[in-house]
Amino acid sequence: MSTTDHEPAEDSTETPAETKDKTIGQVLSHLGESFPELTASKIRFLEDRGLVFPQRTNTGYRKYSSRDIERLRYVLTLQRDQYLPLKVIKAKVEDLERRGFPEDTASSQAEDASAVGALPRQSRRFTIRELSRKTSVDLPMLRELITYGLIEENEDGTFDELAVQVTELCSRLTAHGLQPRHLRPFRAAADREVALVTQAVAPLASRRDARSQEKASQTAREISSLCTNLHATLVADQVEKSW
């Protein structure tokens, strides 16, 4: 089935103004690198849920403006990186819509990184007390996070910026009644996914030439992203069916 299943063929009689907008197939091409699991059916599903509002031409097919595409990018990023239910995402989208979506892709990507807390580069180091002050999480909870493998100390007893982000996410989850011991499955799931990545790239990683090593690293990142997307999609689907 084509990625634009059930979409009428593009009408060449559209005016120049209309052709500036994109068809659903062009949207898939535009967003496919960042969201390889995206399909036409998923876009239409998000439309049904009131998260995107493409225009319809006289011949009945959808046309997506640059604002529609940035709205889609924002929604998909929140789903992928924060596992938020669509009701919450819709509220965030409506709030951002009131403030105005950025018109260009570069500024949109910056907005996404800010909104979803993209993984930070690991540079600064923190003692456990500094981590406590920075995240407003007390020492007993930090020690629980260490015990359950959710954050890790470096050899010198410090923590990196990734530990800051994980701690803050865990703290937000405790506000919903989830304690560190309840979050152990996330550590276990991450370890299983890393094992899958390792298995998949092993043939390349075993080669010692620089090109193979670079390819192994690139492949590992791609598989990791796909695993994360699959997990997020499955969780979001079950949440949507339940609530």
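Above this note sits the structure.
The shown structure was predicted, so the numbers you read here are calculated from the model rather than taken from an experiment. (Residues numbered from 1 in each chain as written. Predicted model: local features only at pLDDT ≥ 70, side-chain atom pairs only at ≥ 80, totals over all residues. Heavy atoms only, no water.)

K.L.:
Tell me about the overall build of the protein chain, residues and numbers included.
P.N.:
Scanning the protein chain for helices and strands turns up eleven helices and two strands. In the protein chain, the succession of α and β elements from N to C terminus is α-α-α-β-β-α-α-α-α-α-α-α-α. A buried classification covers 35% of the 243 residues belonging to the protein chain. For the protein chain, contacts bridging at least 24 residues in sequence account for 63% of all contacts bridging at least 6. (Helix = DSSP H or I, 4+ residues; strand = E, 2+ residues; numbered from the N terminus. Buried < 20%, exposed > 50% of the residue type's maximum accessible area, 1.4 Å probe, protein only. Contact = heavy atoms within 4.5 Å.)

K.L.:
If you had to explain helix H8 (residues 139–147) to someone new, which residues and values would you point to?
P.N.:
Along H8, the positions that sit buried rather than exposed are Leu139, Met141, Leu142 and Leu145. Seen along its axis, H8 keeps its buried residues to an arc of 160°; they face one direction. Facing away from the buried side of H8 by over 90 degrees, the exposed positions are Pro140 and Thr147. Where the residues of H8 are buried, they touch helix H7 (128–135) and helix H9 (161–174). The backbone nitrogen of methionine 141 lies 2.9 Å from a side-chain oxygen of the residue at the head of H8, namely aspartate 138. Once H8 finishes, glycine 149 follows within two positions and takes phi at roughly 75°, a positive value. (Arc of directions from axis to C-beta. Polar contact = N/O pair within 3.5 Å; in protein donor to acceptor, adjacent residues only side chain to side chain.)

K.L.:
Which residues make up the nonpolar core, and what values do they have?
P.N.:
Ranked by size, the top nonpolar core spans 23 residues in total, and within it Leu31, Ile43, Tyr64, Leu72 and Ile89 carry the most contacts. It is helix H4 (residues 66–82) that contributes the most residues to this core, six residues altogether. Setting aside residues no more than four positions away along its own chain, isoleucine 89 makes contact with Leu51, Val75, Leu78, Gln79 and Leu84. Counting 14 residues, the second-largest nonpolar core is a separate cluster that includes Leu131, Val137, Leu142 and Cys170. (Core = buried A, V, L, I, M, F, W, Y, C linked by side-chain atoms within 4.5 Å.)

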